[in-house]
Amino acid sequence: MKDNKAATGTPRSRYTERKHMLDERRREIQAEVQGKMRGVREEGTWGGKLNEVLDAVESAEADIQEELEFSLVQMKSETLNKINDAIARLEQGDYGYCFDCGEEIAEKRLRALPFAVRCKDCEEAREVAEQRERQLAARRCTSGLFLDM
Ligand SMILES: [Zn+2]
C-alpha cells in the first residue's frame, strides 16, 4: 500500500494520532446518540404498561423529555458532522491549518476542539467582526425605522 496522501506536510505519526483522536471522539458521540435513542424508545414501551391516569401524566412528561433528548441528539449529530468534516480534511492534509490565515492551529486547541477550523486569533477576530456586523445591522434597522416615521 502506498502512503502518499498524508505526505503533504503532515508527518505520518501526527496524522495517525489525529486520526485516532477523531475516530475516538466520533465513536464516543455515536455511542451516546445511539444510547439516547434506545433510552427514549424503552421509556416509551415501559410507559405504555402503566395504568391510564398515570399514563397520561407520564406521557406528557415523556414528551418534554423526548423533546429535550431530541435536541440533544440533534446537537450531537451536528458535532458528528463536524468531526466527519475534520476527518475528511485530515485525509486531504488540510487538517490543523487555519481557514483564514493558513497558520497551524495550536495542538492544545485541537485537543480541546478537534474540529476547530480556525486558530484562536482568527476565531476571536471573527467573533468580534460578527458582533460588530450584528450591531451595525441593528443600527441600520433602527435608523431605517426612524426614517419611516
Ligand atoms: Zn488564523
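Fair warning: this is a prediction, and the values are worked out from it, not measured in the lab.

Rules used throughout
- Residues numbered from 1 in each chain as written.
- Predicted model: local features only at pLDDT ≥ 70, side-chain atom pairs only at ≥ 80, totals over all residues.
- Heavy atoms only, no water.
- Donors = N, O, S within 2.8 Å, 3.2 Å for Na, K, Ca; no water.
- Tetrahedral: all angles 85-135°; square planar, octahedral: opposite > 155°, others 65-115°.
- 1 Å grid on protein atoms, 1.4 Å probe; cavity = no way out; pocket = protein on both sides within 12 Å on 5 of 7 lines; lining within 4 Å.
- Points joined across faces, edges and corners; volume = space filled by probe spheres on them.
- Nonpolar A, V, L, I, M, F, W, Y, C, P; charged D, E, K, R; others polar.
- Helix = DSSP H or I, 4+ residues; strand = E, 2+ residues; numbered from the N terminus.
- Buried < 20%, exposed > 50% of the residue type's maximum accessible area, 1.4 Å probe, protein only.
- Core = buried A, V, L, I, M, F, W, Y, C linked by side-chain atoms within 4.5 Å.

A.B. asks: Explain the coordination of the zinc ion residue by residue, including any values.
C.D. replies: Every protein donor of the zinc ion is listed here as Cys-98 (SG), Cys-101 (SG), Cys-119 (SG) and Cys-122 (SG), and their distances to the metal cover 2.3 to 2.4 Å. Between the 4 donor atoms coordinating the zinc ion, the angles at the centre fall across 103 to 117 degrees, so the site counts as tetrahedral.

A.B. asks: Provide a residue-level description of empty space enclosed by the protein, including the pertinent values.
C.D. replies: Within this structure, the stated rule accounts for 1 cavity of 30 Å³ or more. What the largest cavity holds in volume is close to 30 Å³. Contributing to the lining of the largest cavity are Glu-32, Val-33, Lys-36, Leu-72, Val-73 and Lys-76. Of the residues belonging to the lining of the largest cavity, the class tally is 3 nonpolar, no polar and 3 charged.

A.B. asks: So what's going on with the environment of Met-75? Residues and values would help.
C.D. replies: If you trace the backbone, Met-75 turns up in helix α2 (residues 52-92). For Met-75, a relative accessible area of 52% puts it in the exposed group. C-alpha of Met-75 to C-alpha of Val-33: the two residues are 42 residues apart in sequence and 9.7 Å apart in space.

A.B. asks: Describe the nonpolar core, with residues and values.
C.D. replies: Note that soluble globular proteins tend to have their nonpolar side chains buried in a common cluster. Leu-22, Ile-83 and Tyr-95 are the most contacted members of the largest nonpolar core, which totals 18 residues. At the level of secondary structure, the elements contributing two or more residues to this core comprise α1 (12-47) and α2. Looking at this core element by element, the count peaks at 6 residues for α2.

A.B. asks: Hey, could you go over the environment of Gly-35 for me, with residue numbers and the actual values?
C.D. replies: Tracing the backbone through its elements, the reader meets Gly-35 in helix α1. Sequence separation between Gly-35 and Val-73 is 38 residues, and the spatial gap between their C-alpha atoms is 10.0 Å.

A.B. asks: Would you mind going over the environment of Met-37 in detail, with residue names and values included?
C.D. replies: Structurally, Met-37 can be placed in helix α1. Along the primary structure Met-37 and Val-73 are separated by 36 residues, whereas in three dimensions their C-alpha atoms are 8.0 Å apart.

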